[in-house]
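Coordinates in review
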Amino acid sequence: MGNSYAGQLRTTRFEEVLHNSIEASLRSNIVVPRPVFSQLFLEAEEPLAHNGRTENDAEDDEDGSESNSPPIPYQMKPPPEGCCTTDGFCQAGRDLRLSSLASDSLDVSPGFMLIGLKSPSLPDSLLVGAVDHRFLPDERGHNALLGFSGNCIGCGEKGFRYFTDFANHINLKLSTQPKKQKHLKFHLYRNNQGVLVKGAPICWRGHDGRIRQMSSSLSELHATSDERPSSVALMRSSHAAGSYTAASHANAVPQISDTPHPLPNGIIPASSIAQAVINHSGPGRPSATGMQTNAGPPKKRHKGWSPESGANSLSENTGKAPPSSSVLPSSTVITNGARLDASATLCCSQRSSTTLSPSGLSVAVPDQLLHTCGLKPVIFKGHGPLPQLTGNFNEVLISSLLQSCYLSSQTLPRVYQHYGPSPIQPLSTEMQILLTVYYLVQLGPEQVPLIEDLEQIFMRSWRESHLSEIRHNQQPQTPASQGRHYGIEAPPTLPGLPQHLGLAPQQPLTPSQLPWLAQLAASSCGEGVVVLGEHVGSLAQGLQQMFSKLMEGRFKNTNYIVVIVTASGHETQSCVVVTGKHQCRALAENMFSPNEGLREINYQLSSGEAQELIQFCSSLGQDGDMDSLLDSATLDNNEPSPLSSSQESTEEKSVKNTHSPKASHSPKDRVLTPKETCSEFSVEWRDIRPIQLAVARKLLSHVCAIADSSTQNLDLVSFDRVSFLILVPPSEVTFQQTVLHLWSSGVLQELGTLEQECVSQRQAERYVVKMDQSAQVRVDSLIQEAHSNSYTLYILVHDHAHWDISSASYYSTDSGLGLVDQLLNSRKVRDAPNILILHVTSFPFALQTQFTRISPYNEIHWPSSFSNDVDLYHERTCYFGVSELLESTRSGSSLPLMRCDSSFESMASALEERFPKLHSAVIRTTVLIHHYCAALMAVSGRIGGSHNLHKHTSVETLGIVQALLSAAQQCPAHHGHMILLRIPSLALAAWAHRRLSRVRRQLGLEESFEIILGNPSQPLNIGHSFIDQIKLWLKIQEADWVPRTYLELEALPCILILSGSEPQGESLPRSLKYCDLRVISCSYLQRTTVEQELGLAAYLLKTESRSPHNPGPGSDLLESDAEKLSSTDIEEEESQENESSPVSSNQPNQSSPDVGTLDPFPTQSSTSTSPNVPKSTMDTIPPPSQAQTQPPAQSSSQSFLYPQLSLHHPSQSLTQTYSLAQPIFQPLAQTNSQPYFQTLPQHQVSHPPPQPLAPVVRPRRHPSKSTSSSSSSPRASSPHLSCSWARGVSRPPSVLLPRSLYDIITANDGSGLPRCTSFLPHMSVAWASSFRPLLSKMMTCTEQSLYYRQWTVPRPYHMDSNNRTEGRSDNFHPRRLLLSGPPQVGKTGAYLHFLGILSRMLIRLMEVDIYNEEEIHFSVQKDGVQYNPANALWPDPDVVKTLPFDYTVHDPKYDDISLVYCPGYKPASDANPVHQEDVCLRRRTTRIKLSKYAAFNTYHHCEQCHLYLGFNPRYQIYESTLHAFTFTHLLLGEEIQLYFIIPKSKEHYFSFNQPGGQLEGMRLPLAADRSPDCIKSPIFTPTTGRHEHGLFNLYHAMDGASHLHILVIKEYEMAVYKKYWPNHILLVLPPVFNGAGIGAAHFLIKELSYHNLELERTRRQEGSGPTGDVWPFIILADDSCVMWNAVDFDARNGPVEHGASLKQVLQHMEDCPHLAHYGLCGIRKWSSRVLTDPNTREPFSRGHLHDFLLLNVDRSQNVQYDQNRFTCHDVDFTLRLHSAGVLICRFNNFSVMKKQIAIGGYRTFIIKTKMTDVPTSVGPSQYVCAPDSKHLFLATPAQLLLEKYLQHTSHKLFPLSTKNYEHPVLSVDCYINLGPEVTVCFVSSRPHSVNICTTGLLFSGLLLCFADAFVTPSFLKKFTFLKGATLCVISADRSSLRQTVGRLELEEEWRFRLSDEFQTANAKEDRPLFFLTGKHI
């Protein structure tokens, strides 16, 4: 189709599939291309070509535009006759020339762009066309879809899918094949005057002027390998806090998504490793296609293939191992020369680099470079190709990171390309180099450059230079991402940059100006930065000069050397060489992946390279040798090298002996006496806090939202139980910790998995699995179980979800990576409808990318405890997290909880220079352990006082050890603190453990504290003496119990050495006092890495309430003078600390400025730390006088996602809120009206006198230290508590950090957030564009998630990287949730509780409220006759006729109606009458689980119901037709027209005069037909207001049997019922019945059925089909019938009722031998006590039937339902049917259960006035009025008003009848409810009717309702009335009322008054009813 494409697809298979898919799309008849292809941008890097040209250029030559070869002959299709063929006009004759259309208003379709076309016949003119932007290239010549889509601007014709057709239409008249590359030339835009003008040319070749200028740099970028992608910030910063504010975190290349594996020693030879580039063609629209191996030449469309490309691609693939992969291909990996032959390395390097370096340019690396200079220089490639390095190149490191930064900063998004009079230009090469020099100049001597800082400088400089264009362009074109607009804001002044360079100069910077400007900038820092720019003809020459001067020692004080080449007529070239020792070491170590760094450390330890360092550190100078001093203190002086891996040292043996059972015979091994117990210690494991309950409910609501959505991805109502599996990282402690929480939570008992009393938590282990190789079997088992148990909902909880997000396809199965992807993202899990995945993490960033599987609507963020100063959850705890730690660094007068140790850093830096070959982790760990050993020796007192050991350790370490040893001595139960020592390397951690254990043993401190090695892969190993102590504290009786989690080490004095490359979710006890992170790696500063290390110190502070008389320590005085403290008085310091521990109170805030306003960590104006403060181990609260002078607190970020702490200040009360509706990063800016006071760790200042401590407003109270439960604090934390643990639980731990990391995270970026928030979120993701905005302080958690979803993309080894292959933009897994919350906040407890409440909800969903009421008005039978055996199957008509008819209504729903008089019935003494409105509120129900034969509402969507509900593959879901059906009825006097809505799938139940023609009627079976899978009777269900809740899904109830089900609805509800029940047949009543009651519905159903019966009989007689008796029965079913039951008489213990299907019930009744004799059959209503009732032992009975009726429309044809009735219509119909002699039978061995549905139904009546539609409070006395009177008319049917009036006022209307059963009211031919106090005697006036004997019965009243001709005076004279009895005559109008009185001669016996005439309160147009009352004479 004329589109050039030079991309290479990953595989031939994918290439063919993609090619065919695009061809199919282009050939479709859809005008707009299908969206599935809109994201498929095919792009590849420009392959290296000869003579400066690319192969794309060669391809364009083939097109003929720049070729000397003769053009390909081409014959254009002749134009249609009569069309225009004039040049510049389209075939419709419309002008297309730009000169003619420049001022016209043109209609451009969305997504199309105006372009200018060149016509060979009009060389001076441009033609205007509109082309879909997706088929045009971006600014780099890439991302154009194959094919074409264009519209004609002239005539408006649209849909040209081929450029050939478009060229013909616009009369291009070409002699060659039309190609869009040759003729679509320019973008068009409107200038400021609104005139359409020519813009930038369309870049078909992938190079414009800018990028062509850097083609050599591109080639070099492809030809050399880069640092590993995992090292997000490969150049690290150590600059001081606040020195620089621009901090956008960039990775190796912001646009690189597929980078190669680094070399172990960081050396990057110039190898042929190409990099796939993620091009951001517009905000939020990236695409990534890497160059991969191709099996052969592509097809013609892919002409950018060369024979060499296959080999090159092969080497690329072999080098693309992920960062932590242990498999390194030898062809591309250059290892350390000490381990591999250098000659082989050199050969490999030369072989891979000679083909790509410029000919004749090479630089020889001097020998002995490392030995001479003590460093390995790092060369950052800049602009231009780097020359080949020869010689000793192993001692030089090469990085293309800077080059990638340059390229990304010059790749403008398309949105800025063509706006305005001229395109916005990126930064020039010269400006980039100059800005780089300025950035290097402003760095401190110990700072390491951060590439993200430089990138942000470039972005801000560019924005400043084009500020006006960006602002104008940003509003209409920058896309908002998923609901929020993240625009690019104008930055502040560039940091570290002269003010005049903040804005771009008016004149561009020329190459000749660059060298002297750069040297001028570098001169300001002396020798720190050197610029080699003059007399440098090439990069090779500059590098050669650099090496020479470096060897001569002339760069000893130089950190950076910038080489600039500005030769005339050539492109500007540059590179940066790092020569600072500290910077080179940091950069070299950054080139290791985390796993490689650990392997390097292991090698240095095992090879003995670190032995010299160990010996050096052991020396104490003049104080002797540490080992000698230790030997002098013990008899054991026999210690071989602790680092030897070939033998076991005595040190290790001694450690093993310490932990052996035999080593427990200690003097302290004794049971604590009562005097030695600690009453302040308690631990609670089952404590679930309110906020955890709230999160659990939030999770449940999201699950319900998935189920309620229209996607039907989760059918909750089909599940009856919950099962789960919790996946945790492969950490033994994390595994046992989760098991402990699960066991103690009670969830297993609640789910019915275990018995109520769990014997051991071992039983819970099968529900938790470590994500190692054993997980495969467990998950596969769960998948199989889920497949076989479709009624069980399985929850896969992926805890610590950020731990392994590697792609399974990228790693081998042996590596252990990609297991989560392999298991959770498998097709079996994804497609299983009953598996739901819950990801739980504190760091969700890696799961929030452009290709995430989790919908943003399925994210649950941990809520804030406060909203608008209201405590939402009434927590007794407050969460102290990372943001609170950051706040403590800003407190001016108190020692910050997070700090660095300057003395330790100084010693470590000195040793790093002394041992340049050793890894810094080895050096720092050795120094740290040396400090701990020296501190132990100093504090223990075992070493003579002549040795000044204090100077061989730091004050911080000395204070830590002092606190550790003294804490246990102050508590009678020896409770103490935990010291966390974080050492990532397992080898270093093991050495540290051995070393510290040996020193402890030699000092005799084995029983003072424990030293624990926290190896993730091993269980805890605790000494028996300490285990006995823990068991005593926790009151554990089990003999073999051992602690398995860190939480169980609560209050144990110990040093925990936590190893592992990263924490894996281990929770720490609240006795943690110090978190020593001084040796953690500073190389991998992704946001996740930093926050999870700091998250170890996250803490839950306990806040206890106090009475007003005990205000707590807020009013206590300091008990000692601060002046007596000194820098070495550690013991005195400890006592002060112990007496000033923080406590909390929840007193209300006072008005005094001294109370409640103190910042717990007061902010200081300076960001410098105080690591050398003498009292470095203490934390203190300043007096109020000091606190009031502090400035307002600055904002911070916690986890930096969860701001928690509320800080108050005198001048401005500040509160930080974390919620979905509030910003994530925000200043603490709200006030809590009822603060909880919290005093903080105290550090005594030396100058102020003792003053009362001001209470401090509580920190943000958030959930616990542990995950699902927390250790409780003592009753009240008081300064006078003897237990240091009790004082410490209300004090967060102190954190010690490396200085480089401390300086970074305590500094703020340009938005005011901590620097680390702008870091790349995770090593597995990359930034989508360098032109992204920074995170904002005002972002909520949801907005932050949307930010990462817009601006990050997964790398190829990320498990979500393949989630875009389906072509959809939202490949969200519908059953996947993400729960995120701060570290240690209580997420485990929340999701465990969620599992419990989810199980309860499923049980609740499977249960319904069934009416469970005993039948009413029963009296003891006088005769004990049993007419039928109890187990009789069917009734005998002859026997049934002998059964007495029971006139009394027994249905409990009719508890409030009038009794029907029956001679043999004796009513019981009645209680208070009940009003009908109260019945539904008090009716008794029982919760019963739905059976498999239940009827369901619209919320049920199981797989079996799909066809039933309309999901038929043969028909569309809404494919139904509307049919009219008309018949005439005598009672109505007119034709009745009904409408049937019949789905296509149900048309076979009806007959038509022709297919698709006029509806003739329903097909009915013959009475003789028998089918086991068919129900003969049509089912009619009248319903109103219950389109959602009506139980119309009878699929399960019918057990799959074929049946005809018709919903009878009102006309105004037709649309909504059709929407919810598209596959059901709907019978729509005429509009006149919209206000009618249930009587009208049953009347029309019955009459329609009889009419249809007659039609069917006629049709069969006229037709040729079988003849016989047509089945005359129909079923009238209520819409709340949910289940059916049958009585089993074969049970052992008597009759038992069990569930039965509706099919079984109906087939049994239809099979009744003499069913045609019955006019009406039914079943009883279910009651739990019915089988014990003697009145129901008869299997069949005669009486009233309700709710579920089998009606014989033939036998009952002469008795109709009263179409006017609203209430009691079934009672009235049954009485009239019985009086007509029709046989009625109830099957008592069957019952129907009715569900309580509070919505809709025919019993819902609204009485409202005529004036308004809102319900009005109108009393029953106002329902009637005198005729012709002024009265408030009601907008309610007259019949309903009359029935309601009689129900509520009949006790006044018939006063003699009230509670007088022996004298009932005579009601002729109808039954009307006169209220429960009045008895009604029903008689029929019809001849030969069956009535009760009324002889001798005196009636208290007479009711004549619409008396017809059968009622005569002689008939009335048969009855006798009491004197004063009441007469009530009801008629339709006043005239008929008078006629009735006259015709019946009522005036002879009844006295009437004019005032006794009434009418219903209806207007005349509403046809009111009239009635007349009178008294018997």
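Keep in mind that this is a model prediction, so the values were computed, not measured.

Let us now look at the side chain of Ser 409. Structurally, Ser 409 can be placed in helix α11 (residues 401-409). Only 2.8 Å separates the side chain of Ser 409 from the backbone oxygen of Cys 405, close enough to count as a polar contact. Those residues in contact with Ser 409, other than ones at most four positions away along the chain, are Pro 426, Gln 432, Phe 458, Met 459 and Phe 1331.

We now examine the sheet that holds strand β12 (residues 397-399). The strands making up a sheet associate through backbone hydrogen bonding, with each pair oriented either parallel or antiparallel. Spatially, the 5 strands line up as an open sheet ordered β12-β10-β15-β14-β13, and their pairing is mixed. Single-partner strands in this sheet number two, and they are β12 and β13 (529-532). Geometrically, the sheet is characterised by an average inter-axis angle of 20 degrees between neighbouring strands, direction not taken into account. Examined bridge by bridge, strand β10 (residues 378-381) and strand β15 (residues 573-578) share 4 bridges and lie antiparallel to one another. Residue pairing for β15: Phe 380 is matched across the bridge by Val 576. Docked against the sheet, α11 engages β10, β12 and β15, running at close to 20 degrees with respect to β10. Here helix α16 (residues 539-551) sits on the sheet and contacts β10, β13, β14 (560-565) and β15; the angle it forms with β15, its principal contact strand, is near 20 degrees.

Before going further, it helps to examine the packing of aromatic side chains. If you walk through the whole model with that rule in mind, you get 33 aromatic pairs. Note on Phe 148 and Phe 166: the rings are 5.4 Å apart at their centroids and 45 degrees apart in plane angle, and the pair reads as tilted. Here Phe 148, found in the loop between β2 (122-132) and β3 (150-151), pairs with Phe 166, found in helix α4 (residues 163-169); they are 18 residues apart in sequence, far enough to count as distant. One exposure class covers both Phe 148 and Phe 166, and it is buried. Arranged with centres 5.5 Å apart and planes meeting at 70 degrees, the rings of Phe 160 and Phe 166 form a pair that is edge-to-face. A residue is classified by how much of its surface remains accessible, and Phe 160, at 9% relative accessible area, is buried.

About the criteria used
Residues numbered from 1 in each chain as written. Predicted model: local features only at pLDDT ≥ 70, side-chain atom pairs only at ≥ 80, totals over all residues. Heavy atoms only, no water. Helix = DSSP H or I, 4+ residues; strand = E, 2+ residues; numbered from the N terminus. Polar contact = N/O pair within 3.5 Å; in protein donor to acceptor, adjacent residues only side chain to side chain. Contact = heavy atoms within 4.5 Å. Pairing = 2+ DSSP bridges. Axes fitted to C-alpha atoms, helices over the stretch in contact; angles between N-to-C directions. Phe/Tyr/Trp six-rings, centres within 6.5 Å; stacked < 30°, edge-to-face > 60°. Buried < 20%, exposed > 50% of the residue type's maximum accessible area, 1.4 Å probe, protein only.

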